[in-house]
Amino acid sequence: MTTNRLEPCIKLPLENEILEDIVDKAKDWALMHGAGMRSKVNFSKDSLQFAPFILLPSTFPREEFNKATEIQIILNELIHKVAHDYGFLSSSLKSTVEVDEFTSRLFKIYETVHNEGTAQPVCLGLIRSDIMLESQCTENACCTVTGPYCCWKQVEVNTIASGFGWLGPASASIHRYVLQELGHGDKIKNVPVNTALEGLCGGMLEAWKIYGDPNAVILFVIENITYNICDQRFHEFEIRRQNRMVVVIRRTLTQIADTAKLGKNKELSIDGLSVAVVYFRSGYEPAQYPSSKEWAARLMIERSLAIKCPSIHYHLAGTKKVQQTLATPGVLEKFLTDPAKVDAVKEIFTGLYSLDLDEDGNRAAEMAIMKPECYVLKPQREGGGNNVYGEKVREVLQSMTDSQERTAWILMERIIPPVQKGYMIRPGGPEVPQLVDLVSELGIFGVIIGNASTVIANRQVGHMLRTKLSSADEGGVAAGSGALDSPYLI
Ligand code: ADP
Ligand code: MG
Ligand code: MG
């Protein structure tokens, strides 16, 4: 397999002396401008370390970047319609719900509120569609261009806890500083403006206004320990900057279970405060529901009059099983009536296959057993670190032959992005980092507000870029092996 390369934004390597000096300054810039996280190794609420970052912005083709931002409002509309189609969600998730305990519990909450009638018809979607440039057109050849890339493909859509609305823009600020210091100020114009934080927080405030109680607060549902604290707090600070009347409170699901109540009109209140908007930064993985209490808290929130980001049906619309079902021929047409939109979305899907215990599922499993390096095996999980790659795809699939368990997984063609050289700066790393091979994943943020029949707002609001070693399977920044980055458009 040939390696397809993108050229870095400036000539590399840097001389050691220059490199050591700029790395030292860039770390301090990052730390002093909020590009931080709490340490998992030496955790303390009283200290921060800089989040891992790439020293210079990574080259990304402008045309593909523009296409990705333009299609976001179509993806928002698609997810909104999918989320409001009870029949579709039920049938897509039917086999998954039978074997996957976590999805099954989410689905039970969905059914309960669906049967009771939803108290709050308005939903807020803060969505992030993640994409990678594709450098190896295979069976799914999307174009005939020869070069370091030919198009981009969607990795997944996140509808819950879509983070990095702050750390995305913060990365560009590090890069503008580094380019300036290295004497490349003229290149700053190629680092695009990123209004993710303003846009996402603007969405929360618009939902808060729709709720209509000037005394009500915005509730952030948080993990027991928040490592990604800068990203979350900057959302809170931005909400307060845009409207200082609005109070933000932070609670875990356990605290909500202990203290929240529903009023006679299903108003959600906590410690005497009415809640207008619930923004989940937790609640997307099984460990975040350690007991039935946390599940009861989630159900209470879903039953309430508060506007949820996301509501349970939006959460389910973001599952990998739904993504795979949407890629099945003829399905997009159910939701998008404009054929041009259908074609545009089809183009960004790479091969996605069901692993149900039927003929199609068997065929997909056999295909991946033959060529495991060409596929990724995915369960219905979020937050990184759950997928299976390479030889293990074969092992896991073989271990699940004829087992119902297989239906909880989907199979996806592996995207091979172009590689570029760069420096990854990590806390505790060397003073003079090595030049390494890197690959990137771009996330585009969307905001959508609406109910089953009407879309009130639909916008693309910004982006984030994450970069990892080209040899790594996954690259979550919070999960460990990835680093903050921003695109340098060429
Ligand atoms: P999660 O919801 O856990 O973030 P993802 O589907 O985004 O799940 O997968 C996690 C990571 O795995 C991605 O960020 C990406 O680095 C890698 N990955 C996922 N799907 C593919 C794919 N089809 N090709 C290449 N890498 C992938
Ligand atoms: Mg995800
Ligand atoms: Mg992901």
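Residues numbered from 1 in each chain as written. Chains lettered and ligands numbered in written order. Predicted model: local features only at pLDDT ≥ 70, side-chain atom pairs only at ≥ 80, totals over all residues. Heavy atoms only, no water.

A.B. asks: Could you clarify how one ought to interpret the overall build of the chain in this entry?
C.D. replies: In terms of helices and strands, the chain carries 15 helices and 21 strands. Computed over the C-alpha atoms, the radius of gyration of the chain is 22 Å, within 12% of the 23 Å expected from 2.2 N^0.38 for a compact globule of 490 residues. Along the longest, intermediate and shortest principal axes, the C-alpha atoms of the chain span 70 × 55 × 45 Å. Among the 490 residues that make up the chain, the fraction classed as buried is 57%. (Helix = DSSP H or I, 4+ residues; strand = E, 2+ residues; numbered from the N terminus. Rg over C-alpha atoms; globule rule 2.2 N^0.38 Å. Buried < 20%, exposed > 50% of the residue type's maximum accessible area, 1.4 Å probe, protein only.)

A.B. asks: What is the right way to read the domain arrangement of the chain from this model?
C.D. replies: Where the parts come together, the accessible area they lose is often given as the size of the interface. Here the chain is described as being made up of domain 1 (16–350 + 415–489) and domain 2 (351–414). Here domain 1 and domain 2 have C-alpha centroids that lie 25 Å from each other. In this assembly, 32 residues from domain 1 lie in contact with 25 residues from domain 2. Of the roughly 2,500 Å² buried between domain 1 and domain 2, counting both surfaces, carbon and sulfur atoms make up 48%. Summed over the three residues of domain 1 that lose the most area to domain 2, namely Lys-320, Thr-350 and Glu-474, the buried surface amounts to 25% of that side. Two residues, Arg-414 and Asp-473, come together in a salt bridge whose shortest N-O distance is 3.1 Å. Put simply, domain 1 and domain 2 have 14 residue pairs in polar contact (both at pLDDT 80 or more) between them. At the level of elements, helix H3 (86–99), helix H4 (101–116), strand S6 (151–158) and helix H11 (320–326) are the ones that each hand at least two residues to the side of domain 1 that touches domain 2. (Domains from an automatic or database assignment. Contact = heavy atoms within 4.5 Å. Buried area = accessible area lost by both parts, 1.4 Å probe. Salt bridge = Lys/Arg side-chain N within 4 Å of Asp/Glu carboxyl O. Polar contact = N/O pair within 3.5 Å; in protein donor to acceptor, adjacent residues only side chain to side chain.)

A.B. asks: Could you clarify how one ought to interpret the pattern of salt bridges in this entry?
C.D. replies: Close approach of charged atoms allows side chains of opposite charge to pair. Applying the stated criterion to the full structure yields 30 salt bridges. Residue Lys-81 pairs with Glu-77 through a salt bridge whose shortest N-O separation is 2.8 Å. Placement of both Lys-81 and Glu-77 in helix H2 (residues 62–83) is noted, with a separation of 4 residues, approximately one turn of the helix. Overall, the relative accessible area of 16% leaves Glu-77 in the buried class. Of the charged contacts, one joins Glu-302 and Arg-298 as a salt bridge, the two residues approaching to 3.0 Å between their closest N and O atoms. With a gap of 4 residues between them, Glu-302 and Arg-298 both fall in helix H9 (residues 292–303), about one helical turn apart.

A.B. asks: What is the right way to look at the coordination of the magnesium ion (ligand 2) in this model?
C.D. replies: By definition of the ideal shapes, four donors in a tetrahedron about a metal sit 109.5 degrees apart, and six donors in an octahedron sit 90 or 180 degrees apart. In this structure, Glu-156 (OE), Glu-156 (OE), Asn-158 (OD1) and Glu-382 (OE) serve as the protein donors to the magnesium ion (ligand 2), at separations of 1.9 to 2.3 Å. The metal-metal distance between the magnesium ion (ligand 2) and the magnesium ion (ligand 3) is 3.6 Å, with Glu-156 coordinating both. Taken together, the residues Glu-156 in strand S6 and Glu-382 in the loop between strand S14 (375–378) and strand S15 (388–389) connect sequence positions 226 residues apart. The buried category is assigned to Glu-156, whose relative accessible area is 12%. (Donors = N, O, S within 2.8 Å, 3.2 Å for Na, K, Ca; no water.)

A.B. asks: Even after reading the chapter, I still don't get the pairing of strand S18 (residues 435–450), so can you show me in this structure?
C.D. replies: Each regular strand displays side chains that alternate between the two surfaces of the sheet. For S18, the buried fraction is high: 13 of the 16 residues fall into the buried class. Pairing of strand S5 (residues 123–134) with S18, which is carried by 9 bridges, proceeds in the antiparallel orientation. Across the sheet, residue Gly-125 finds its bridge partner in S18, namely Ile-448. Bridge count between strand S17 (residues 420–425) and S18: 4 bridges; the pairing is antiparallel. The partner of Gly-422 across the bridge, within S18, is Val-436. Between S18 and strand S19 (residues 455–469), which pair antiparallel and follow one another directly, the connecting turn spans 4 residues. (Pairing = 2+ DSSP bridges.)

A.B. asks: Quick question: what am I supposed to make of the site of ligand 1 here?
C.D. replies: If you check the shell around ligand 1, you find 21 residues, and the closest are Lys-378, Glu-382, Gly-384, Tyr-389 and Glu-441. Contacts to ligand 1 include Lys-468, whose side-chain N or O atom sits 3.2 Å from an oxygen atom. Relative to its unbound accessible surface of 540 Å², ligand 1 loses 96% to contact with the protein. Of all the secondary-structure elements, those providing two or more residues to the shell around ligand 1 are S6, S14 and strand S16 (410–413). Classifying every residue of the shell around ligand 1 gives 6 nonpolar, 4 polar and 11 charged. Residue assignment places the shell around ligand 1 across two domains, with domain 1 (16–350 + 415–489) and domain 2 (351–414) each supplying three or more. (Near = heavy atom within 4 Å. Areas by Shrake-Rupley, 256 points an atom, 1.4 Å probe, with all protein chains shown as cover. Nonpolar A, V, L, I, M, F, W, Y, C, P; charged D, E, K, R; others polar.)

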